[in-house]
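This is what each chain is made of:
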Amino acid sequence: MVDTAIDIKEIRKQFPILHQQVNGKPLVYFDNAATSQKPQCVIDALTHYYNTDNANIHRGIHTLAERATSAFEDTRKTVAKFLNANETEEIIFTKGTTEGINLVASTFGRKFINTGDEIIVSGLEHHSNIVPWQMLCEEKGAVLKVIPVNEKGELIFDEYVKLLSDKTKLVSVNYISNALGTINPVKEIISEAHKFGAKVLIDAAQAAPHVKMDVKALDCDFLAFSAHKVYGPTGVGALYGKRALLEAMPPYQGGGEMIKDVSFSGTTYNDIPYKFEAGTPNIGEVIAFKSAIDFVENLGQENIAQHEDELMAYANDLLKDVDGFTPVGTAGKKASVISFLIDGVHPFDLGQLLDARGIAVRTGHHCAQPLMEFFNIEGTVRASFSVYNTKEEIKYFVDSLKAVIKMFK
Ligand SMILES: *Cc1c(COP(=O)(O)O)cnc(C)c1O
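Residues numbered from 1 in each chain as written. Predicted model: local features only at pLDDT ≥ 70, side-chain atom pairs only at ≥ 80, totals over all residues. Heavy atoms only, no water.

With an unreviewed UniProt entry as reference, the protein chain is termed Cysteine desulfurase, source organism Reichenbachiella faecimaris. UniProt's Function (unreviewed entry) comment on the protein chain is quoted here verbatim: "Catalyzes the removal of elemental sulfur and selenium atoms from L-cysteine, L-cystine, L-selenocysteine, and L-selenocystine to produce L-alanine." Quoted verbatim from the Cofactor (unreviewed entry) field of UniProt, the annotation for the protein chain is "pyridoxal 5'-phosphate". (UniProt positions renumbered as here; feature names shortened; annotations may be inferred.)

See below:
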């Protein structure tokens, strides 16, 4: 059980929340696909901001305003590098993935989607990447097409290619499914869409903590992710968009910061990215977001992925011996999510009994009801692993699962 490259003890020390008992047992946190825990450097960055630098950004000329503005804009540079964007101005701060997708739906959508146009999503999507498009289609008389999924929980690529046509204006798919962990062939999805001139949005909420993202190599038109799933604070995220597209899109919300000049005879909008950032943002959280990315880059994304792959392999091996264990989603390429059912035990009961043993897993539809419908189930139990999880925790989880199942036999 030797972990390579990652010093797990050292990493765990950086996460204060992990060192507590829940229901009389040491906490085992396996709900990382819902949100990750935060290292001390992120918590410190937040506290530091409120203790020393709090001021509104961009318009002030006093020292605190300058400090806050400079730290805020430093995060933008860090995110641009993290995504390998061409330009810092291509990064827009949002509340998270959901807002990033809604921003594209209501600005790009408002201007470029018309009656009869088609938008393609997949059967694997989070509700955040379904509902904004349904709303847009309803408003515009556009049509939503869905890439079908196979029994393993993979997109059927040939069926995707058949859906594409000159009517396709946008394809919006996730990089990694939150419900099943499937890693989608996004690069191929993007290049096929571009053959028809369609733009592509990548929902990278689950990819950000697990794979190295490169918007230039992918050639995606938009990419959205949330800070809170990649060790950062809640309430912030980033949307990448290609400059030419962002410039052609109308603003998102009206208010301060997004304008150049306001007059009752007409208002001129600010340049990108500010055109899309009306109102006072989550300044402290944006600043602390940088510390989260630094944390990931210091560890190295390949090392994090390798550690998580080892955890997955170990868990899959132990779970084979669990009575009635049925995995849901067995894609060839998967990130650190195990969604499953146990014959004869309701997921909700399992979740509660595991919680009584200090183990946090998620149960339910994972905001992907259409996918659950496809598998003809209401939901699953989902265990999702992160860099700070250990093989000892997985062993304890599987032993607990066996003990809990016995109670039902
Ligand atoms: C979590 C998640 C979202 C939504 O992210 P928010 O942070 O809640 O806005 C969207 N898509 C996927 C794949 C997710 O995992």
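Caption draft 1: Geometry of the nonpolar core. Membership of the largest hydrophobic core comes to 78 residues, with the highest contact counts inside it found for Leu83, Ile202, Met213, Leu223, Phe225 and Tyr231. The residues that make up this core include at least three from each of domain 1 (8-35 + 300-406) and domain 2 (43-297). In contact with leucine 223, other than residues within four places in its own chain, are Leu83, Ile202, Ala204, Met213, Val215, Leu218, Ala238, Leu239 and Tyr240. Counting 27 residues, the second-largest nonpolar core is a separate cluster that includes Val28, Ile359, Ala383 and Phe397. (Core = buried A, V, L, I, M, F, W, Y, C linked by side-chain atoms within 4.5 Å. Buried < 20%, exposed > 50% of the residue type's maximum accessible area, 1.4 Å probe, protein only. Domains from an automatic or database assignment. Contact = heavy atoms within 4.5 Å.)

Caption draft 2: Region of the structure containing the site of the ligand. Around the ligand sit Gly96, Thr97, Thr98, His126, Ser128, Asn178, Asp203, Ala205, Gln206, Ser226, His228 and Lys229, and those are all the residues in its vicinity. Contacts to the ligand include glutamine 206, whose side-chain N or O atom sits 2.7 Å from an oxygen atom. Considering the ligand on its own, with 380 Å² of exposed area, one finds that the protein chains cover 87% of that surface. Here the shell around the ligand is composed, by residue class, of one nonpolar, nine polar and two charged. (Near = heavy atom within 4 Å. Polar contact = N/O pair within 3.5 Å; in protein donor to acceptor, adjacent residues only side chain to side chain. Areas by Shrake-Rupley, 256 points an atom, 1.4 Å probe, with all protein chains shown as cover. Nonpolar A, V, L, I, M, F, W, Y, C, P; charged D, E, K, R; others polar.)

Caption draft 3: Highlighting unusual backbone geometry. Note the cis peptide between isoleucine 272 and proline 273, where omega equals 0°. Assignment of secondary structure puts proline 273 in the loop between strand S12 (268-269) and helix H10 (283-299). Positive phi is not limited to glycine here, since aspartate 219 has a value of about 65°. For aspartate 219, the position within the fold is in the loop between helix H8 (215-218) and strand S9 (222-226). Assessed through its relative accessible area of 35%, aspartate 219 is described here as partly exposed. With phi around 80°, glutamate 257 is a residue other than glycine that occupies positive phi space. Mapped onto the elements of the fold, glutamate 257 is located in the loop between helix H9 (243-248) and strand S11 (259-261). (Helix = DSSP H or I, 4+ residues; strand = E, 2+ residues; numbered from the N terminus.)

Caption draft 4: Expanded view of the sheet that holds S9. Ordered by their spatial adjacency, seven strands build an open sheet running S4-S10-S9-S8-S7-S5-S6, and the pairing between neighbours is mixed. Here the strands that pair on one side only, and so sit at the sheet edges, are strand S4 (91-94) and strand S6 (143-147). The average angle at which neighbouring strand axes cross in this sheet is 20°, direction not considered. Summarising the sheet, strand S5 (residues 118-122) and S6 pair through five bridges and their orientation is parallel. In the strand pairing of S6, valine 121 is matched with valine 146. Where helix H3 (residues 63-82) meets the sheet, its contacts fall on S4, S9 and strand S10 (237-241), and the angle it forms with S4 comes to roughly 115°. (Pairing = 2+ DSSP bridges. Axes fitted to C-alpha atoms, helices over the stretch in contact; angles between N-to-C directions.)

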